[in-house]
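Observations on the three-dimensional arrangement
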Amino acid sequence: MRLRAPLYVRTAALALATLAGLGSARAAETTPAPKPHEHADEIWGADYFPNTPLTTFDGREVRFFDDLVRGKVVGINFIYTNCPDACPMETARLLEVQRLLGDRLGKDVFLYSISIDPDNDTPETLTAYMKKWGVGPGWTFLTGKSADILELRKRLGVYSDNEGEAGKKRDHNLSMVIGNQTTGRWMKRSPYENPYVLVTQLGSWLHNWKRPPVAGQDYADAPEIRKVSNGEDVFRTRCAACHTVGLGDVLEPEARRVGPDLYNITKLRPRAWLERWIAEPDAVLAEKDPLATALMQRYMGVQMPNLRLTPVDVQDVLQYLEDATTRLNQDLDQRFAAEKAARKAARAGRPASVASAPPSTTP
Ligand code: HEC
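A count of helices and strands for the protein gives 15 helices and seven strands. Within the protein, the fraction of its 363 residues that count as buried is 30%. Taking contacts inside the protein between residues at least 6 apart in sequence as the whole, the part at least 24 apart equals 66%.

Here it is, written out as structure tokens:
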């Protein structure tokens, strides 16, 4: 049922182009050129990747190439636990990837989140962060020495020159690198990537399609590509990593994300509160707004990030939430009406004693 197979083709073409993006010119200046045939058996092997010493959240000393990457299919990103806006989104998206990959994570796909603020991110801090978010086995958080990690980022091509001093960490380059060290296929992905696409890339494409697609996950399940409103676009790219509309709590509890489901939210909360919360949740929380404080306690202390939306985006996304709720209500109404009609038809064809039985509560 791989209806949108041509996507694979496009992805592959894109990936071929990305090798060039790995490692900046700058890194090449500072690293001695590899000896030509030293690792002829390995594409992008030990002669390319640094063997950076790192410490895992549970205090193990590891080496980047030997222990994390060699012979594996991996996804690597750079985060810091104090990050107010962008990293929580990235972490939330990877939580989806974790959920979709299931027990393959840690077996044939490995995720690494490496801190770019190692002075602050001790193994204990990382452990607490992982616990708060519900990070499971196969996804390892690491820290190390600042200079080493900087060098590693440059080598992986995920360091931006305009980051400047430490205070500007917020602008840190938001790319994730995924690859298969054995085949030498590497590509950069945006953390805003649809998690279904990331999972297909990590779980299938990087395994040369030798592995079957992750059960039940398919491009056919990915949201359809069609003309979307600005509000829907904002929701998909900025909110959907952490929120569902109608799915999470109502229809499909196992699809629950890190934030609350937003079904009917425009009716449940005052408009002014919603506008302000979506625009600057950090400020609302700082003022100890009672609703915000209660919500944050309910959601494991995970704080909704300030996504720096424009006032127009805030209005548009609220409109989208309202429309999505209306659509869902209509769908549910239709479904109930159809079920009711089916029951009525069934009753009409049955003996009177059955027809008079109380209606079943199970759908
Ligand atoms: C990194 C995860 C994350 C992202 C991204 C995110 N949120 Fe949230 N959101 C949360 C969490 C967690 C809460 C619960 C309150 C808290 O803990 O801060 C929340 C709460 C909310 C609430 C209040 C729900 C209620 O019951 O009153 C609204 C509304 C909301 N978010 C809208 C949005 C919108 C719109 C976007 C996108 C523009 C967005 N959020 C992006 C995590 C996120």
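On we go from here.
Looking at the element boundaries, Phe57 is found in the loop between β1 (53–56) and β2 (61–63). Judged by the 23 C-beta atoms lying within 10 Å of it, Phe57 falls in the buried class. Residues within four places of Phe57 in sequence aside, it is in contact with Pro123, Leu126, Thr127, Met130, Thr140 and Phe141.

Neighbouring the ligand are 29 residues; Pro88, Cys239, Cys242, Gly259 and Met304 lie closest to it. Of all the elements in the fold, those that place two or more residues in the shell around the ligand are α4 (86–101), α8 (230–239), α11 (271–279) and α13 (290–298). In terms of residue class, the shell around the ligand is made up of 24 nonpolar, three polar and two charged.

Let's shift gears to the packing of α4 against helix α7 (residues 195–203). Axis separation between α4 and α7 bottoms out at 9 Å; the angle between their running directions is 55°. With respect to α7, the element α4 is oriented oblique. Helix-helix and strand crossings are classified by hand; for α4 and α7 the assignment is right-handed. Of the residues in α7, those touching α4 at Arg93, Glu96, Val97, Leu100 and Leu101 are Pro195, Tyr196, Leu198, Val199 and Gly203. By residue class, the composition of the contact of α4 with α7 is seven nonpolar, one polar and two charged.

At a closest axis distance of 7 Å, the pairing of α8 and helix α14 (residues 311–348) adopts a crossing angle of 95°. When the axes of α8 and α14 are compared, the pair comes out roughly perpendicular. Residues Asn230, Gly231, Glu232, Val234, Phe235 and Cys239 of α8 form the contact with α14, whose participating residues are Asp313, Asp316, Val317, Gln319 and Tyr320. Here the contact of α8 with α14 is composed, by residue class, of five nonpolar, three polar and three charged.

The next subject is the sheet that holds strand β7 (residues 185–189). On the basis of which strands lie adjacent, the open sheet formed by seven strands has the order β2-β1-β5-β4-β3-β6-β7 and mixed pairing. The open sheet has two edge strands, β2 and β7, and neither has a second partner. Neighbouring strand axes in the sheet, compared pairwise and without regard to direction, differ in orientation by 30° on average. Alignment of strand β6 (residues 176–180) against β7, held across five bridges, turns out to be antiparallel. Paired with Ile178 across the two strands is Met187, which belongs to β7. Relative to strand β5 (residues 139–144), helix α5 (residues 123–133) is tilted by about 155°, and along the sheet it contacts β1, β4 (110–115) and β5.

Looking now at the pairing of β4. Of all six residues that make up β4, five are buried, and the element is covered over most of its length. Of the pairings in the sheet, the one linking strand β3 (residues 73–79) to β4 comprises six bridges and is parallel in character. Its bridge partner being in β4, Phe78 is matched across the sheet by Ile114. In terms of strand pairing, β4 meets β5 through four bridges, oriented parallel. Counterpart to Ile114 in the pairing with β5 is Leu142. The parallel pair β4 and β5 is bridged by α5, and the resulting crossover is right-handed.

Reading the values: rules and limits
Residues numbered from 1 in each chain as written. Predicted model: local features only at pLDDT ≥ 70, side-chain atom pairs only at ≥ 80, totals over all residues. Helix = DSSP H or I, 4+ residues; strand = E, 2+ residues; numbered from the N terminus. Buried ≥ 20, exposed ≤ 12 C-beta atoms within 10 Å, placed from the backbone. Contact = placed C-beta atoms within 7 Å. Near = placed C-beta within 6 Å. Nonpolar A, V, L, I, M, F, W, Y, C, P; charged D, E, K, R; others polar. Axes fitted to C-alpha atoms, helices over the stretch in contact; angles between N-to-C directions. Parallel < 35°, antiparallel > 145°, perpendicular 65-115°, else oblique. Left-handed = near helix turned anticlockwise from the far one by under 90°. Pairing = 2+ DSSP bridges. Right-handed = clockwise from strand over helix to strand, strands pointing away.

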